[in-house]
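So you can see what is in the structure, the chains are spelled out below.
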Amino acid sequence: MSRIALFASGSGSNFQVIAEAIQRGDISADIAILVCDQPDAYVIKRAEQLQIPVFSFRAKDYSSKVEFETKIVDKLREAGVDFIFLAGYMRLIGETLLRAYGGKIVNIHPSLLPAFPGKDAIGQAFNARVKITGVTVHFVDEGMDTGPIIDQESVRVAEDETRESLQEKIQKIEHTLYPRVIKNLLTKAVVEGTKK
Ligand code: GRF
């Protein structure tokens, strides 16, 4: 069974749906650890309720990204983690994590990449008055939302759409797309023998 880590910084609604899909048996995996860079984030409460181990930290308590990512890698190795899924983790992944888990780190981004990378992708798309936007799941490389695309789903922006209603539509898509992609990736890893 795959052991996965989820990384998040905020509310954790994606974390929640993934954890529930695992509990229902839809995804064959264990969440070995939640990594969170905001010790006050609501996602930590969600993890505690589900009795999922948490490693939380503040970047400012470390002298560099290399230093805190080295600590994260230690925690991931201790927990026997095979794959990392970023779910609203608001930091660029650095060389230390990429060296340890390259090709095994996946992110979800609320736009149709390569359009609107970076922060507030929903607001960027809304302000650009695009008619179609969506959600992308992609492998993580050293760039900002630039790695190979795994899957995407689109949504039409209605004439009377607001920033808030667009966010709701996008999150609804995320909550079905991400668990489905995770399930497919982990199944493929088992079939290919990279993971039992
Ligand atoms: C999601 O929109 C995700 O695409 C982005 O951050 C948001 C996290 O939301 N990377 P939540 O914390 O899972 O509710």
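Residues numbered from 1 in each chain as written. Predicted model: local features only at pLDDT ≥ 70, side-chain atom pairs only at ≥ 80, totals over all residues. Heavy atoms only, no water.

J.: How should I be thinking about the overall build of the protein chain in this particular structure?
T.: A count of helical and extended segments in the protein chain gives six helices and seven strands. Taken from the N to the C terminus, the helices and strands of the protein chain come in the order β-α-β-α-β-α-β-α-β-α-β-β-α. Taking 16 Å as the expected radius of gyration for a compact globule of 196 residues, we find that the protein chain reaches 16 Å, a close match to that expectation. Overall size of the protein chain, expressed as C-alpha extent along the three principal axes, is 50 × 40 × 30 Å. Total accessible area on the protein chain stands at roughly 10,000 Å², and carbon and sulfur atoms take up 50% of it. Each charge sign in the protein chain was given a centre, from 25 positive and 26 negative side chains, and these centres are 2 Å apart. (Helix = DSSP H or I, 4+ residues; strand = E, 2+ residues; numbered from the N terminus. Rg over C-alpha atoms; globule rule 2.2 N^0.38 Å. Areas by Shrake-Rupley, 256 points an atom, 1.4 Å probe, with all protein chains shown as cover. Lys, Arg positive; Asp, Glu negative; His and termini not counted. Charge placed at Lys NZ, Arg CZ, Asp CG, Glu CD.)

J.: How do you make sense of the UniProt feature "site: Raises pKa of active site His" (unreviewed entry) in the protein chain when you look at a structure like this?
T.: UniProt records the feature "site: Raises pKa of active site His" (unreviewed entry) at D145, using the numbering of this structure. Position of D145 relative to the elements: it lies in the loop between strand 6 (132–139) and strand 7 (149–156). A polar atom in the side chain of D145 sits 2.7 Å from the backbone nitrogen of G118. (UniProt positions renumbered as here; feature names shortened; annotations may be inferred. Polar contact = N/O pair within 3.5 Å; in protein donor to acceptor, adjacent residues only side chain to side chain.)

J.: Looking at this structure, how should I read helix 3 (residues 65–78)?
T.: Each turn of an α-helix holds 3.6 residues, which means side chains three or four residues apart point in the same direction. In this model, helix 3 (14 residues) spans 20 Å end to end at C-alpha, consistent with the 20 Å of a helix rising 1.5 Å per residue. Listing the buried residues of helix 3 in full gives F68, E69, I72, V73 and L76. Here the buried residues of helix 3 occupy an arc of 145° about the axis, which is enough to place them on one side. Here the buried face of helix 3 lies against strand 1 (2–8), strand 2 (29–36), strand 3 (54–56), strand 4 (83–86) and helix 4 (95–101). Of the residues flanking the end of helix 3, it is G80, one or two places downstream, whose phi is positive at about 70°. (Expected span 1.5 Å × (residues − 1). Buried < 20%, exposed > 50% of the residue type's maximum accessible area, 1.4 Å probe, protein only. Arc of directions from axis to C-beta. Contact = heavy atoms within 4.5 Å.)

J.: So what exactly am I meant to see when it comes to the UniProt feature "domain: Formyl transferase N-terminal" (unreviewed entry) in the protein chain here?
T.: The feature "domain: Formyl transferase N-terminal" (unreviewed entry), as annotated in UniProt, sits at residues 3–182 in this numbering. Annotation note: span residues 3–182, helix share 38%, strand share 23%, distance between end C-alpha atoms 12 Å.

J.: Which parts of the structure should I look at to understand the pairing of strand 2?
T.: A regular strand carries its side chains on alternate faces of the sheet. In terms of burial, strand 2 is a largely internal element, seven of the eight residues being buried. As paired elements, strand 1 and strand 2 share seven bridges and run parallel to each other. Bridge assignment links L6 to a residue of strand 2, and that residue is L34. Regarding topology, helix 1 (residues 13–24) serves as the crossover connection from strand 1 to the parallel strand 2, and that connection is right-handed. Two elements, strand 2 and strand 3, share three bridges in a ladder whose sense is parallel. Of the residues in strand 3, the one forming a bridge with L34 is V54. Remark: the strand 2/helix 2 (residues 42–49)/strand 3 crossover connection has right-handed handedness. (Pairing = 2+ DSSP bridges. Right-handed = clockwise from strand over helix to strand, strands pointing away.)

J.: Even after reading the chapter, I still don't get the side chain of R46, so can you show me in this structure?
T.: Summarising the element assignment, R46 is placed in helix 2. An unpaired buried charge is present at R46: no salt bridge exists, and E20, the closest side chain of opposite charge, is 6.7 Å distant. Within the structure, R46 has its side chain in polar contact with the backbone oxygen of S11 (distance 2.6 Å). A polar contact is formed between the side chain of R46 and the side chain of Q16, at a distance of 3.2 Å. Setting aside residues up to four positions removed in sequence, R46 forms contacts with S11, G12, S13, F15 and Q16. (Salt bridge = Lys/Arg side-chain N within 4 Å of Asp/Glu carboxyl O.)

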